[in-house]
Amino acid sequence: MIIPHPLLGPRDSQEFTYLGDASLIERPDWQADNAVDQFHDYLYLRDNPAGAHRELWFHEQGDRSWLVVTRDTVTHEIISAELARDVAKAKGRSK
Amino acid sequence: MSQTNRIDGGLIDRARTLNFRFDGKTFQGHPGDTLASALLANGVRLMGRSFKYHRPRGPLTAGSEEPNALVELRTGARQEPNVRATVAELFDGLDARSQNHVGSLSRDWLAVNDLLSPFFAAGFYYKTFMWPKAFWEKLYEPMIRRAAGLGSLTKETDPDSYDKGFLHCDLLVIGAGPAGLSAALTAGRAGADVILADEDFVMGGRLNAETFAVGDMAPGDWAAQAVAELTSLPNVRLMPRTTVLGAFDHGIYGALERVSDHLAEPAPGKPRQTLWRIYTKRSILTAGAIERPIAFRNNDRPGIMLASALRSYANRWAAVPGKDVAIFTNNDDGHRTAADLLSKGVRVAAVIDSRLSEAPRTNRYEVVAGAQVVDSNGRLGVHSITVKLPGGDTRVIPCDALGVSGGWNPNVHLTCHQRGLPVWNEDIAAFVPGASLPQGMTVAGAANGAFSTAGALASGAGAAAAALGDLGIKAKPADLPQAEDDPIRITPLYHVPGKGRAWLDQQNDVTVKDVKLAHQEGYRSVEHLKRYTTLGMATDQGKTANIGGMAVMAEMTGKSIPETGTTIFRPPYTPVPIGAFAGRSAGKDFRPVRQTPSHSWAAEQGAVFVEVGMWLRAQWFPKKGETHWRQSVDREVLATRKSVGICDVTTLGKIDVQGTDAAEFLNKIYANAFAKLAVGKVRYGLMLREDGMAMDDGTTARLAEDHFVMTTTTANAVGVYRHMEFCRQCLWPDMDVQIISTTEAWAQYSVAGPNARKLLQKIVDPAFDISNEAFPYMGCGEITVCGGLRARLFRISFSGELAYEIAVPTRYGDALVRRMVEVGQEFDAIVYGTEALGVMRIEKGHAAGNELNGTTSALNLGMGGMVSKKKDSIGSTLSEREGMNREDALALVGFRPVNPSESFAAGCHFIAKGAEANAKNDQGYMTSVCFSPNLGYTIGLGFLKNGAARKGEVLRAVNPVQNAETLVEVVSAHFIDPEGERLRA
Amino acid sequence: MHDLAALTPLGAAAPRTDRVGAISVTEVTDRAIASVSTRNGKAKPFATAAKALFGIDLPAPGQSAAGPVWTLIWTGPDQWFAEAPFATHEDIAAIAKDALGDTASVTEQTDGWVRFDIEGPTAVDMMERLCPLPARRMKTGAASRSIIEHMGSLVICRAEGRHFSVIAPRSFAGSMHHALMASARSIA
């Protein structure tokens, strides 16, 4: 597969390692009342769509950026790839 | 010259003669011949025995779709089975042998299988070899193993090397026939980066096998001219002898280039083959079409081949399988073969055209219209055919070769590689590519159903212009020469009904009867048909068989062929040697090796090395007279604890962490507190996974307010770094923290033992005070050594002794270890390897990889108190889960044998005395074991339910795998210096 | 001056050059490297300090920039390798940190890497047997990390079509050299 790195252009997916669902960015608040339940869901519950899937790839053999890639799990078409840092900040993640 | 069946012309170089052997006999041929064409020229039609029934077979085709003429090529280490003689380029000294016979090719004892054929019908192995049960292992299986498979392997190591490569282009053209050449010319002249690949050794496709004019040139000459122009274009890469084997995601193609297969052996340093990964923006499949036969009783006799193959052999290779040739056809193309043969002076016995009114009439040769071939006669080769005339009478026509033309199938193979399904085209009675194609691919020429030469030329040029247009490159379709534009006139006929066996898949020996049997037994789906009968499952993927099989199935169900289903193909297009996929990663080069800075020095000392991931680490250093590893390891351990030992620990991951939020970041990554670690101090850090399980541990040193150096275990260095980047970029993107690996940049040695400080004081520059007061346990600092070399010193201990780790830039690592050994002589300093390192940490009770096995938590490790509840860190929340905090949770403790002369192994499970050794009574398991030279007996670490409260208890350490057990006593995990006095000396 | 002798990544006293046909493979050990990473909120003062120290502009993703003393190579978002002659800049991390102050994090990287320069008219033929980068299209100054025979490596085009540097983790020196030599022989 070719992943369109937002800074470096098209790169072979062999340069990357895959982590999983991009929902991993949304780490729960440890001080929430039901923190254990929230962390449980965060870690173990996943949707499994046949279609567009947002997922995390690490450019291990490249620039070490984490990317959020939107990929169609049926056709393998890659719809978009963004710097995960930008996605995280847009979601309000900070320190 | 005994090339009795050689005729004039052809693309062979008669100026040079090549000698070759087949089944022990020597023959002659010429450059440009394939093994098959040279054998045919020498009057040899019998080239093998079929897979199941051992029927005599000759080549059916003149290409890579060949099902029958599979030979063993070469001898010795390069011996290779199942080589298609139809594509094997002839070279001087070539040695080939036919396969799959016991006794000679002409007198195969296993031909008896053919007589027993009713027992070997499709799916027979699902119904036989079942009774009596005992016979399976002793008789049936060995029998089947001997009979199964085709060809034999050399069992010697492959002496050749294989390359891998990566190419990028705007346009990949797959197949260099008329459509491909005109596509490449169009795109090449427009300046695009073009790759034109063809599996053949001469480009031109069918142009090299035909005689009609292209423009005012012979078709082969036009092809050569096109190739010459393409060769002159710097933006065009021609790749003959290269099979594009698969269409993968996003325009990526795999291609196998046969660099040296046509030579006796590769030139020195050169690879046998190269496997290319081609990244394309667009591609055009111009793979042509493959003719299909018509099945009839005994249609598999040597001398019976596709009519177009007969034509190729005659026109391109100047060879004919017989002097008296008949043709059986259902379309006009069969007549072309008759005309070409006639013009070469070969007698055409007759053309049997199954069409009654549409069969063209001519006075150049006899046309038997409305007739069908119902049988062939001859033992090891055809000598006559039996023809059923329109009225019902039969007639025997003598002939020593028969060309069969059942129509043409566009070569859609690659269009299916991503589950694209072809669609049926009624006009040409064949499948053509469907709507769903691999990304960026279009299809042109015969592969798309444009069978005429003019059609192919136009289609290729048009496809190239369109593809380039998509890329924003202006391209003018190449000028097209005049060429034949004959329409396709075909009346479908897939098999001739009648008694006897009519062969569909000749490689797997599947007949029309077998397909009917499958249907009878209830297999309706074409996918079931394939697997039950094995039709289409041989190395040719049924290229000349699938349509025939589907036609029979359609007949049985009363449906049309497209209603029955569709063929689908998978990569590779033709077989690929495993060596090509391995490339350079074979033998010792399977994966790269990482060497430590002290490697040369250690090798000089005769160290025994061990693989730790990709690293080679010294495992122990045998001294003269030591014959067993325990002698060396015990000595190293005792010497270190007695005085001082040095060990290369460069391989442990080192990650540099800087930034104004570095401390806060470490606080999040580690379960224990780090934010308040003082500058100049080192702390042990436990890293959890988000689920609360221990992931890695190490020590982190604070060199400055905003500068830390973290260590990880060797095995987890890469994973921990990846995890840290995830946290930094995705979880806390606003933290001011920057990280980078420095594992390689610093050579690092541990110096351990009561005299460690004294040794170091000999190399640490006097400006730096490393006394116990100035540099206490768990201290760190940037220093210089040996007169000013920058270095880092960390007072940490894995062994439990007074110990330090000293780091210098790697280029000085070799010099440093030599210097330390030199100055250490006065202390009887030794260098120790990973075994001694392991023994000492077990004696001290330090957890390592065996204990951090992914299923153990901080609590299990005895570090439950280290997980701070006052801050958020990875894993802290889920480590509070009830199930992970039970009273009888596993706890890390030590074990020693009740009888000190006994030993035990890691992996033992603990069972109470008197209880049965089963999962229900399982109390825990042993993780690390060693012989302790300090204590004089075997010791171990392991996890025991509620272990901390059970010291003194005696348990059974059970080893069911090796059928052993030992009585062990539960003790503290800290066997040596439990109070830690030595550490703080 | 300290008295410890340095070894090259291939374990010898001096760097080696191998010639195979038209290709030369040269072990280059005379450059020091530091990694430089901008700190949060310091982009502007960092750019100023960097320009003052390096004398050249910071290159964009996929690029390197060479000046009379320093060469800069983009290695990641807000991250560069800074290369300078080892003879004058051995303590390169200290030199860079002095100049950049708190605008950036700096680490010494020199001995973390082995560099082999591949030169010759057929250099691209060799590169295309080693890594997935489009070497034939790389312009002078293009720099990108990729994989060569399972070893993560930085590839820099020093001169279009005929001179490339391959920079791999130092411990892989022997394996990388072996892979480069096999490739050079393959295209000879």
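Named according to an unreviewed UniProt entry, chain C is Sarcosine oxidase subunit gamma originating from Albidovulum denitrificans.

For chain B, the name recorded in an unreviewed UniProt entry is Sarcosine oxidase subunit alpha, with Albidovulum denitrificans as its organism.

For this particular structure, what's the right way to read the overall build of chain C?
Counting its secondary structure elements, chain C contains five helices and eleven strands. On C-alpha atoms alone, chain C measures out to a radius of gyration of 17 Å, which is about the 16 Å that the 2.2 N^0.38 rule sets for 188 residues. The burial tally for chain C puts 62% of its 188 residues in the buried class. Restricting to contacts in chain C with at least 6 residues of sequence separation, those with at least 24 account for 58%. By element, 55% of the accessible surface of chain C is carried by carbon and sulfur atoms, the whole surface being about 6,800 Å². When the 18 basic and 19 acidic side-chain charges of chain C are each reduced to a single mean position, those positions are 6 Å apart.

Whenever I open this one, the interface of chain B and chain C confuses me. Can you help?
A common way to report how large an interface is uses the accessible area buried once the components associate. Opposite the 57 residues of chain B that make contact, chain C presents 50 residues. When the buried area of chain B at its contact with chain C is split by residue, Phe166, Arg790 and Arg811 of chain B rank highest and sum to 17% of it. Between the two partners, chain B and chain C, sit ten salt bridges. Elements with a contribution of two residues or more to the side of chain B that touches chain C: strand S8 (162–174), strand S13 (273–285), strand S29 (594–595), strand S33 (654–658), strand S37 (738–741), strand S40 (789–794) and helix H20 (813–824) of chain B. Partitioning the side of chain B that touches chain C into residue classes produces 24 nonpolar, 14 polar and 19 charged.

Explanation requested: the packing of helix H16 (residues 629–642) of chain B against helix H21 (residues 834–844) of chain B in the structure shown.
When two helices pack together, their arrangement is captured by the angle between the axes and the distance separating the axes. All names here are of chain B. Taken N-terminus to C-terminus, the directions of H16 and H21 make an angle of 55°; their axes are 9 Å apart at the nearest point. The orientation of H16 with respect to H21, classified from their angle, is oblique. Our pair here, H16 against H21, has a crossing hand that is right-handed. Packed against H16, whose contacting residues are Trp629, Val633, Glu636, Val637, Thr640 and Arg641, the element H21 presents Glu835, Ala836, Val839, Met840, Glu843 and Lys844 at the interface. In terms of residue class, the contact of H16 with H21 is built from six nonpolar, one polar and five charged.

How should the interface of chain B and chain A be read in this particular structure?
If you look at the interface, chain B gives 31 residues, while chain A gives 33 residues. In total, chain B and chain A occlude about 3,000 Å² of area from one another, counting both sides; carbon and sulfur atoms represent 56% of this. Applying the counting rule to chain B against chain A returns six salt bridges. With its nearest N and O atoms 3.0 Å apart, the salt bridge here joins glutamate 60 of chain A to arginine 722 of chain B. Taken together, the connections running from chain B to chain A amount to 16 residue pairs in polar contact (both at pLDDT 80 or more). With nine residues, the top contributor of residues to the side of chain B that touches chain A is helix H18 (residues 717–731) of chain B. The residue makeup of the side of chain B that touches chain A, split by class, is twelve nonpolar, five polar and 14 charged.

Whenever I open this one, the sheet that holds strand S6 (residues 79–85) of chain C confuses me. Can you help?
Residue and element names in this part refer to chain C. If you walk across this open sheet you meet the five strands as S4-S5-S6-S3-S7, and the pairing is antiparallel. What marks the edges here is a single partner per strand, and that holds for strand S4 (64–66) and strand S7 (104–108). Averaged over all adjacent pairs, the angle separating strand axes in this sheet is 25°, with direction ignored. Bridge count between S4 and strand S5 (residues 71–76): three bridges; the pairing is antiparallel. Among the inter-strand pairings, alanine 66 is bridged to a residue of S5, identified as threonine 71. Running at roughly 165° to strand S3 (residues 31–38), helix H1 (residues 43–54) makes contact with S3, S5, S6 and S7 of the sheet. The sheet strands contacting helix H3 (residues 92–100) are S3, S6 and S7, and the helix crosses S7 at an angle near 170°.

Explanation requested: the packing of helix H10 (residues 512–520) of chain B against helix H11 (residues 526–533) of chain B in the structure shown.
Residues and elements named next belong to chain B. For the pair H10 and H11, interaxial distance at closest approach is 10 Å and the crossing angle is 120°. Comparing the axis directions of H10 and H11 gives the class oblique. Between H10 and H11 lies a crossing of right-handed hand. Of H11, the residues touching H10 (which contributes Asp514, Val515 and Ala518) are Leu529, Tyr532 and Thr533. Tallied by class, residues from the contact of H10 with H11 come to four nonpolar, one polar and one charged.

Help me out: how do you make sense of the UniProt feature "domain: Aminomethyltransferase C-terminal" (unreviewed entry) in chain B in this one?
The UniProt record marks residues 892–977 of chain B with the feature "domain: Aminomethyltransferase C-terminal" (unreviewed entry), using the residue numbering of this structure. End C-alpha atoms of residues 892–977 of chain B are separated by 18 Å, and the span's content is 0% helix alongside 49% strand.

Could you clarify how one ought to interpret the UniProt feature "domain: GCVT N-terminal" (unreviewed entry) in chain B in this entry?
As annotated in UniProt, the feature "domain: GCVT N-terminal" (unreviewed entry) corresponds to residues 599–871 of chain B in the numbering used here. Each end of residues 599–871 of chain B is marked by a C-alpha atom, and these two atoms are 43 Å apart; helix forms 26% of the span and strand 27%.

Quick question: what am I supposed to make of the environment of serine 283 of chain B here?
Residues and elements named next belong to chain B. Structurally, serine 283 is set in strand S13. Taking C-alpha positions, serine 283 is 61 Å from glycine 862, a pair spaced 579 residues apart along the chain. Filtering out sequence-adjacent residues up to four positions away, serine 283 remains in contact with Leu171, Leu172, Tyr253, Gly440, Met441 and Thr442. In terms of polar contacts, serine 283 uses its side chain to reach the side chain of tyrosine 253, at 2.6 Å.

Help me understand the sheet that holds strand S30 (residues 608–612) of chain B, please; the structure alone is not making it clear to me.
Each strand in a sheet pairs with its neighbour through backbone hydrogen bonds, running either in the same direction (parallel) or in the opposite one (antiparallel). Residues and elements named next belong to chain B. Taken in spatial order, the three strands line up as S29-S31-S30 in an open sheet, and their pairing is mixed. One side of each edge strand has no neighbouring strand; the edge strands of this open sheet are S29 and S30. Here S30 pairs with strand S31 (residues 615–620) via five bridges, running antiparallel. Looking across to S31, one finds that phenylalanine 609 is bridged to alanine 618.

Honestly, the pairing of strand S6 (residues 80–84) of chain B in this entry has me stumped. Any pointers?
In the case of a regular strand, side chains alternate between the two sheet surfaces. Bridge count for strand S5 (residues 70–73) of chain B against S6 of chain B is three bridges, and the pairing is antiparallel. Each residue of the ladder has a partner; that of leucine 70 of chain B, found in S6 of chain B, is arginine 84 of chain B.

Quick question: what am I supposed to make of the side chain of serine 65 of chain A here?
Mapped onto the elements of the fold, serine 65 of chain A is located in the loop between strand S4 (52–58) and strand S5 (66–72). There is a polar contact of 2.7 Å between the side chain of serine 65 of chain A and the side chain of aspartate 63 of chain A. When near neighbours in sequence (up to four residues on either side) are disregarded, serine 65 of chain A contacts His5, Trp57, Phe58, His59 and Leu83 of chain A, Gln729 of chain B together with Pro77 of chain C.

I'm lost on the environment of glycine 788 of chain B in this one. Help?
Of note, glycine 788 of chain B is situated in the loop between strand S39 (780–785) and S40. In this structure the C-alpha to C-alpha distance between glycine 788 of chain B and alanine 767 of chain B, which are 21 residues apart in sequence, comes to 10.0 Å. Excluding its chain neighbours within four sequence positions, the residues that come into contact with glycine 788 of chain B are Asp765 of chain B together with His2 of chain C.

Honestly, the pattern of salt bridges in this entry has me stumped. Any pointers?
Two side chains bearing opposite charge may form a pair once their charged atoms approach each other closely. The final tally for this structure, using the stated rule, is 83 salt bridges over all chains. We note a salt bridge from arginine 129 of chain C to aspartate 163 of chain B, for which the minimum N-O separation is 3.8 Å. Of this pair, arginine 129 of chain C sits in the loop between helix H4 (123–127) and strand S9 (143–148) while aspartate 163 of chain B sits in strand S8, on two different chains. The buried category is assigned to arginine 129 of chain C, whose relative accessible area is 16%. With a relative accessible area of 3%, aspartate 163 of chain B lands in the buried category. Three or more residues are tied together by salt bridges with common partners; here these are Arg206, Glu210, Arg311, Asp333, Arg336, Glu484 and Asp486 of chain B.

Whenever I open this one, H20 of chain B confuses me. Can you help?
Residues three or four positions apart in an α-helix share a direction because the helix packs 3.6 residues into each turn. All names here are of chain B. An ideal rise of 1.5 Å per residue puts 16 Å on twelve residues; H20 measures up with 16 Å between its terminal C-alpha atoms. In terms of burial, H20 is largely enclosed, as nine of its twelve residues are buried. Taken as a whole, H20 has its buried residues at Gly813, Asp814, Ala815, Leu816, Val817, Arg819, Met820, Val823 and Gly824. Check the buried side of H20 and you find it contacts helix H15 (599–604), strand S32 (645–648), strand S38 (746–752), helix H19 (756–760) and strand S41 (803–809).

How do you make sense of the packing of aromatic side chains when you look at a structure like this?
Two aromatic rings, taken as a pair, are described by how far apart their centres are and by the angle between their planes. Scanning the entire structure with this criterion turns up 21 aromatic pairs over all chains. Judged by centre distance (4.1 Å) and plane angle (15°), the rings of phenylalanine 895 of chain B and phenylalanine 910 of chain B are stacked. Residue phenylalanine 895 of chain B is found in strand S43 (residues 890–897), and its partner phenylalanine 910 of chain B is found in strand S44 (residues 909–912); the two are separated by 15 residues along the sequence. A relative accessible area of 0% means that phenylalanine 910 of chain B is categorised as buried. Here a set of aromatic residues connected by ring pairs shows up, and it is made of Phe16, Tyr18 and Trp57 of chain A. Against the face of tryptophan 276 of chain B rests arginine 237 of chain B, its NZ or CZ located 5.3 Å from the ring centre. A cation sits over an aromatic face here: arginine 501 of chain B above tyrosine 53 of chain B, 5.2 Å from the ring centre.

Cut-offs applied
Residues numbered from 1 in each chain as written. Chains lettered and ligands numbered in written order. Predicted model: local features only at pLDDT ≥ 70, side-chain atom pairs only at ≥ 80, totals over all residues. Heavy atoms only, no water. Helix = DSSP H or I, 4+ residues; strand = E, 2+ residues; numbered from the N terminus. Rg over C-alpha atoms; globule rule 2.2 N^0.38 Å. Buried < 20%, exposed > 50% of the residue type's maximum accessible area, 1.4 Å probe, protein only. Contact = heavy atoms within 4.5 Å. Areas by Shrake-Rupley, 256 points an atom, 1.4 Å probe, with all protein chains shown as cover. Lys, Arg positive; Asp, Glu negative; His and termini not counted. Charge placed at Lys NZ, Arg CZ, Asp CG, Glu CD. Buried area = accessible area lost by both parts, 1.4 Å probe. Salt bridge = Lys/Arg side-chain N within 4 Å of Asp/Glu carboxyl O. Nonpolar A, V, L, I, M, F, W, Y, C, P; charged D, E, K, R; others polar. Axes fitted to C-alpha atoms, helices over the stretch in contact; angles between N-to-C directions. Parallel < 35°, antiparallel > 145°, perpendicular 65-115°, else oblique. Left-handed = near helix turned anticlockwise from the far one by under 90°. Polar contact = N/O pair within 3.5 Å; in protein donor to acceptor, adjacent residues only side chain to side chain. Pairing = 2+ DSSP bridges. UniProt positions renumbered as here; feature names shortened; annotations may be inferred. Expected span 1.5 Å × (residues − 1). Phe/Tyr/Trp six-rings, centres within 6.5 Å; stacked < 30°, edge-to-face > 60°. Lys NZ or Arg CZ within 6 Å of the ring centre and 35° of its normal.

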